[in-house]
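# Summary of structural features
Residues per chain are reported as follows:
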Amino acid sequence: MRSAGRGRRLVAVMGTALLSGSLVTACGSSSGITLNVYTAPEQVFDKVVDKCNQQANGRYTIVYNKLPRDADSQREQMVRRLAADDSEMDILGLDVVWTAEFAEAGWVLEWTGQDKAEAEKDVFPGPLKTATWNGKLYGATKQTNVQLLWYDDRLVSTPPKTFDEMISQAQQLKSQGKPYQILMTGAKYEGYVVQYNTIVSSTGGHILSDDGKSVAMDAGAIKGLETIKKLATSGVTNPSLSTAKEQNIQNGFEAPNSQAAFLLNWPYAYSSIQAANPDRAAHFKWTSYPGIDPGTPTKVTVGGLNLAVSSYSKHPAESFDAIKCLRSADSQRYQAILEGLPPSISTVYDDPRPADPSKPADDKNNPTMDTAYPMKDAIIDALQDSTSRPLTPAYQNVSTVISTVLSPPASIDPQNTAARLRRELQDALDSKGVLP
């Protein structure tokens, strides 16, 4: 999986047919215009498409084409078709790290005028940044994501605010013979890059320059390496740290005999544990992702998905219009509640309406944002001052270099590792050398 945190299931989908009675599937448009949207498989996005087709009232018909589940495969399929000037692709679901590459290649159209104003309205700054390149907007945010620190309140009475505090508390729990482990993604893949990027950003550091053209690897980036090294060698992680991905660490925390006290993961962790381990779920609490220095705000890396209009679409005006419906506040609320895709539009979090506004709210059968997202205040706080991964058309290469050079976490030698990263990241930006 290329981009961690694109979107995860937050609540059990209680009947994906909810609202289906009012969402009529369009069989065709009176205008004869078909808009093909290509994006990742999602559980209830087809219902959103149905509703937008109904609202289009015959002006066009949106057809949902599901790409492979793996993000690398999604990108590969789109890149091959766009490179061949494929005009059958109208709306593209772009991982938040693809904007620069697709914009630089001329594959997606810029959002301007009223379309741009509507796409930017009430969107958190961090997610909005992922849809921009060189000061121009190339996508409309559909959903976002941020990681939190999860913990067992029977073991942790005062949640830590920094990595040092978390490591210290874990060591103390270990000395008392209690569950103590800190679970974090450390495998050689994108999820590990997200962790490193958050830690570096929280120091005020930079991996690349702001324009994405050169390598920074400044003091903050080195401090990030020191932090990961300390965590990996402090005796408080699971032995599987170097191969751990999101589902591995989630399973590790939910296990009946779990030795974990802390978990760094996305908001889907809340709904997952409710079904997997109800006893522990009663003590499953959350707080902000830990910082590095006391008093310095954490800047958490955002995930998510943006919708863009292909430069080769025969119907760009209709495509912009369709996207505005597909990622509207109502559409984001619906998918947030039923599918666990955190909204990028700030006002959705305070919308009191349930998934189906025509029916009474019910925690199990027709939940609201409050019942589906008890941790929403922590998510909002993180999104208010979040960060993106390095913005560069060469992000795929940059990510591969970072995850490889930093693996395994315990082998990091901060100064030497930083020097190697400077060399290999610059080669990646310059398209030189062979990727690891």
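In this report, the structure presented in the accompanying data block is examined. Counting from 1, residues in each chain are numbered in the order their sequence is written. Per-residue local features of the predicted model are confined to residues with pLDDT of at least 70, and side-chain atom pairs are confined, for both listing and counting, to 80 or more; whole-chain, interface and lining totals are unaffected and use all residues. In computing side-chain values, all of the structure's heavy atoms are included and hydrogens and water are not.

### A word on the overall build of the protein
The numbering of helices and of strands both runs from the N terminus, where a helix is a DSSP run of H or I of at least 4 residues and a strand a run of E of at least 2. For the protein, the helix and strand inventory stands at 17 helices and 11 strands. A globule of 436 residues ought to have a C-alpha radius of gyration of about 22 Å, and the protein, at 22 Å, matches this closely. With the principal axes as the frame, the protein shows a C-alpha extent of 70 × 55 × 35 Å. Per-residue burial over the protein gives 56% buried out of 436 residues. Contacts spanning at least 24 positions in sequence make up 77% of the contacts within the protein whose residues lie at least 6 apart. Here the open area of atoms and residues is found with the Shrake-Rupley method and a 1.4 Å probe, where only the protein chains shown may cover a residue. Put simply, the protein shows about 16900 Å² of open surface, and 47% of that area lies on carbon and sulfur atoms. Averaging the positions of the 43 positive and the 48 negative side-chain charges in the protein gives two centres separated by 3 Å. Radius of gyration means the value over C-alpha atoms here, while the globule rule gives 2.2 Å times the residue count to the 0.38 power. Burial classes follow relative accessibility: with a 1.4 Å probe on protein chains only, a residue under 20% of its type's maximum area counts as buried, one over 50% as exposed, and anything between as partly exposed. By the convention used here, residues are in contact when the closest approach between their heavy atoms is within 4.5 Å. In this tally, Lys and Arg are treated as positive and Asp and Glu as negative; His is ignored, and so are the chain termini. The atom standing in for a charge is NZ when the residue is Lys, CZ when it is Arg, CG when it is Asp and CD when it is Glu.

### A few points about the sheet that holds strand β3 (residues 91-95)
Pairing within the open sheet is mixed, and its five strands lie in the order β2-β1-β3-β11-β6. If you trace the sheet from one side to the other, it starts and ends with β2 (61-66) and β6 (140-145), each paired once. Looking at each pair of strands side by side, their axes are set apart by 20° on average, direction ignored. Note that β6 and strand β11 (residues 303-309) share five bridges and pair antiparallel. Bridge assignment links T141 to a residue of β11, and that residue is N306. Strand pairing is defined by DSSP finding a minimum of two bridges between the two strands. Here an angle of 0 to 180 degrees is reported between the N-to-C directions of two axes, which are lines fitted to C-alpha atoms, with helices fitted over the stretch in contact.

### Points about the sheet that holds strand β8 (residues 181-183)
Working definition: the strands of a sheet are paired by backbone hydrogen bonds and lie parallel or antiparallel to each other. As summarised here, the arrangement of the four strands in space is β8-β9-β7-β10, forming an open sheet in which the pairing is mixed. One side of each edge strand has no neighbouring strand; the edge strands of this open sheet are β8 and β10 (284-287). Recorded for the sheet is a direction-independent mean angle of 25° between the axes of neighbouring strands. As paired elements, strand β7 (residues 148-152) and strand β9 (residues 260-265) share four bridges and run antiparallel to each other. From the neighbouring strand, Y151 faces β9, where its bridge partner is F262. Sheet strands touched by helix α9 (residues 246-254): β7, β8, β9 and β10. Its angle to β9, the strand with the most contacts, is close to 150°.

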